[in-house]
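The chain contents come next:
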Amino acid sequence: MGNYLVMKCACCENKFSQIEVLRLSSSRRDEIAKGLASKLHVIGARGTAQIVQINEMIVGAIYDYADQNEITRSDEICEAIESVFQDLNENLERVCEPILIDVQ
């Protein structure tokens, strides 16, 4: 996607990016964490990734950059994070169970 915004924390001056990701169930949290750790290690990232969860859904990710060098690689790092979620979403078995609602 590219063009990832690098923001600065008001309280601690850390630099980070928020990454929009495909929504996944929080039951996949461990699988996502392993995928992120592996992918970020392969590209040499040294910062900290966080998974953002609301109720039972993973709705985003945050990456705290280790240094200025990583900030110059923000697109590469954020795209790597997005790809973990994309890969998991593509391999997801979908089951459709409609819930009928009687409105009368």
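Check the entry above for the structure.
Cut-offs applied
Residues numbered from 1 in each chain as written. Predicted model: local features only at pLDDT ≥ 70, side-chain atom pairs only at ≥ 80, totals over all residues. Heavy atoms only, no water. Salt bridge = Lys/Arg side-chain N within 4 Å of Asp/Glu carboxyl O. Helix = DSSP H or I, 4+ residues; strand = E, 2+ residues; numbered from the N terminus. Buried < 20%, exposed > 50% of the residue type's maximum accessible area, 1.4 Å probe, protein only. Contact = heavy atoms within 4.5 Å.

Draft legend 1. Looking closely at the pattern of salt bridges. For the coordinates displayed, the defined rule picks out four salt bridges. A salt bridge links Glu13 to Lys8, with the shortest nitrogen-to-oxygen separation between them at 3.1 Å. Between Arg46 and Asp67 there is a salt bridge whose closest N-O contact spans 2.1 Å. Of this pair, Arg46 sits in the loop between helix 1 (29-42) and strand 3 (48-54) while Asp67 sits in the loop between strand 4 (57-64) and helix 2 (68-72); the two residues are 21 residues apart in sequence, bridging distant segments of the chain. When its relative accessible area of 27% is taken as the criterion, Asp67 is described as partly exposed.

Draft legend 2. Broad picture of the side chain of Ser26. Relative to the helices and strands, Ser26 is located in the loop between strand 2 (15-25) and helix 1. On the accessibility criterion, Ser26 (6% relative accessible area) is buried. With residues near it in sequence (within four places) discarded, Ser26 still touches Gln53, Glu56, Met57 and Ile58.

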